[in-house]
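# Working through the structure, step by step
Each chain, letter by letter, is given below.
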Amino acid sequence: MLHEDRLGRDMAHRAAIRSIERVVGENAPLQDAEEARSGIRAMLDAGSVLVLTGAGVSTDSGIPDYRGPNGSLLRHRPMTYQEFLHEPAARHRYWARSFVGWRHMAQASPNAIHRRLAQWEAMGQLSGIVTQNVDGLHVAAGSMNVIALHGDLEQISCLDCGALEGRGHLDTRLHEANPGYLERIELDPALVNPDGDVSLDDVHVEQFIMVGCLVCGSPALKPNVVYFGENVPAERKARLKKLETRSASLLVIGSSLAVMSGYKLLLDARSAGKPVGLINGGPTRGDAKANYRWRSNIAEALGILDAHQGPATHL
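Definitions and cut-offs
Residues numbered from 1 in each chain as written. Predicted model: local features only at pLDDT ≥ 70, side-chain atom pairs only at ≥ 80, totals over all residues. Heavy atoms only, no water. Helix = DSSP H or I, 4+ residues; strand = E, 2+ residues; numbered from the N terminus. Buried < 20%, exposed > 50% of the residue type's maximum accessible area, 1.4 Å probe, protein only. Contact = heavy atoms within 4.5 Å. Areas by Shrake-Rupley, 256 points an atom, 1.4 Å probe, with all protein chains shown as cover. Pairing = 2+ DSSP bridges. Axes fitted to C-alpha atoms, helices over the stretch in contact; angles between N-to-C directions. Phe/Tyr/Trp six-rings, centres within 6.5 Å; stacked < 30°, edge-to-face > 60°. Lys NZ or Arg CZ within 6 Å of the ring centre and 35° of its normal. Parallel < 35°, antiparallel > 145°, perpendicular 65-115°, else oblique. Left-handed = near helix turned anticlockwise from the far one by under 90°. Nonpolar A, V, L, I, M, F, W, Y, C, P; charged D, E, K, R; others polar. UniProt positions renumbered as here; feature names shortened; annotations may be inferred. Polar contact = N/O pair within 3.5 Å; in protein donor to acceptor, adjacent residues only side chain to side chain.

Looking at an unreviewed UniProt entry, the protein carries the name protein acetyllysine N-acetyltransferase, with the source organism given as Paeniglutamicibacter antarcticus.

Here it is as C-alpha cells:
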C-alpha cells in the first residue's frame, strides 16, 4: 500500500513538472487586429461574458508572469504540491522565501486592467471573472463576482488540523520569530515570483525560523493556493460550472492557457458552441480553437475596446 501511495505521488509530481515546463508556441496564424477587436467588442456588447485572467493582467502591478519574455520560469521552478506536502525541508524553504517576497505582493495594487474589468462587470457586460492569479487584485479593484481558481495567498491553513489564519497575522508572528532577518536581505522586486516567494540562498534559508499552527503547533502550514500537481477544490469547480452555464461567451485575458484548469474553460466554451476571444501578448495554447485572437499589450487592447463603445474611460 505504501509503495502504491509513493508511486501515485511520484506520478502526480512528474505530471506537475510537465505542466510547469510546457512550452506554448505558435499554433495558429495571427489574426488581423481589427477583426479580433470587432469580434471581442461584439461579445461584450452582447453581455454575459465570462472573463478568465492570467498572470499577464498583474504584470503592470509589479508582479511578474510565468511564461512571458521575462517570466519567472526562466529563473525559478515553482514547488509542486507533492514536494510541499511530503518534504519538510522544501516546505521550510518555501516559507523562508515567502517571508521575504510576500511583502512585495501585499503592497501591489490594482492596475488599469483590473479597474477596467471591474467597470465592465458593473456595467453588466461580464457574468463574472475567473482568475488563475492568487494576488487578490480583482477583488481589490472592486470586482464582485470573482472565482479565484487557484486560491488566494491571504489565507493560511494547517495541513494537520485544518485551522485557518490570515497571512498578515502569520507575518507578524514570523517577524517576532526572525528579528532583523529581512534587513539582512537585499530584495530585487523584479525577482518576486507570481506565487509570492523569491530566490534565496541556502544560508538565509537555514537561518529562517518557522512558527507553528496557532491551534496544534504543527509547522506544516500551507497558503490556501492550488499548487502545480494539486486539484482545484470540488466546491470551487461547482461554482465555476454554474458560472460557465449562465455565460454567453468566454474572453481569456493575459493567460497562455498552459495549465489545464484554465484551458478546460476554453474547451468547455467550444463544446457548448460559445464564442471565445483571446487577448494576450504572446501565443496561447488555445489560439487554434478561438474565434478571436488579439495579440496585443493588454492594457492598450482594453483601452481600445472601451474607446469603441463610447467616450474613453480614464483609469
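Alright, that's what it looks like, and here's the rest.
Glancing now at the overall build of the protein. Within the protein, the secondary structure is distributed over eleven helices and nine strands. Each of the 315 residues in the protein was classed as buried or not, and the buried ones make up 52%. Taking the intrachain contacts of the protein between residues at least 6 apart in sequence as the baseline, contacts between residues at least 24 apart amount to 74%. Of the roughly 14500 Å² of accessible surface on the protein, a fraction of 54% belongs to carbon and sulfur atoms.

Glancing now at the sheet that holds strand β4 (residues 151-158). Reading across from one edge, β5-β4-β6 is the order of the three strands in this open sheet, with antiparallel pairing throughout. Each end of this open sheet is capped by a strand with a single partner; those strands are β5 (164-166) and β6 (221-225). The average undirected angle you get between the axes of adjacent strands in this sheet is 40°. Judged from the three bridges that link them, β4 and β5 form a sheet pairing that is antiparallel.

This paragraph deals with the packing of aromatic side chains. Applying the stated criterion across every chain, the model contains seven aromatic pairs. Centre to centre, the rings of Tyr94 and Trp95 are 5.2 Å apart; their planes meet at 75°, and the pair counts as edge-to-face. Accessibility expressed as a relative area gives 3% for Tyr94, which makes it buried. Between Phe99 and Tyr181, the ring centres sit 5.9 Å apart and the planes meet at 40°, which makes this aromatic pair tilted. Here the residue Phe99 occupies a position in helix α4 (residues 88-107), and Tyr181 occupies one in the loop between α7 (167-177) and α8 (202-207), the gap between them amounting to 82 residues. A cation over an aromatic ring shows up here: Arg91 above the ring of Phe84, its NZ or CZ 6.0 Å from the ring centre.

We now examine the packing of α4 against α7. Here α4 crosses α7 at 115°, and the two axes come no closer than 11 Å. Taken together, the axis directions place α4 and α7 in an arrangement best described as roughly perpendicular. Pair α4 / α7 crosses with left-handed handedness. Residue-level contacts link Trp95, Ser98, Phe99, Trp102 and Arg103 of α4 to Arg167, Gly168, Leu170, Asp171, Leu174 and His175 of α7. Taken together, the residues that form the contact of α4 with α7 break down as five nonpolar, three polar and three charged.

Further remarks concern the UniProt feature "active site" (unreviewed entry) in the protein. The feature "active site" (unreviewed entry), as given by UniProt, occupies His150 in the numbering adopted here. Tracing the sequence through the fold places His150 in the loop between β3 (146-148) and β4. Judged by its relative accessible area of 11%, His150 falls in the buried class. Looking at His150, its side chain comes within polar contact range of the main-chain oxygen of Gln132, at 3.2 Å.

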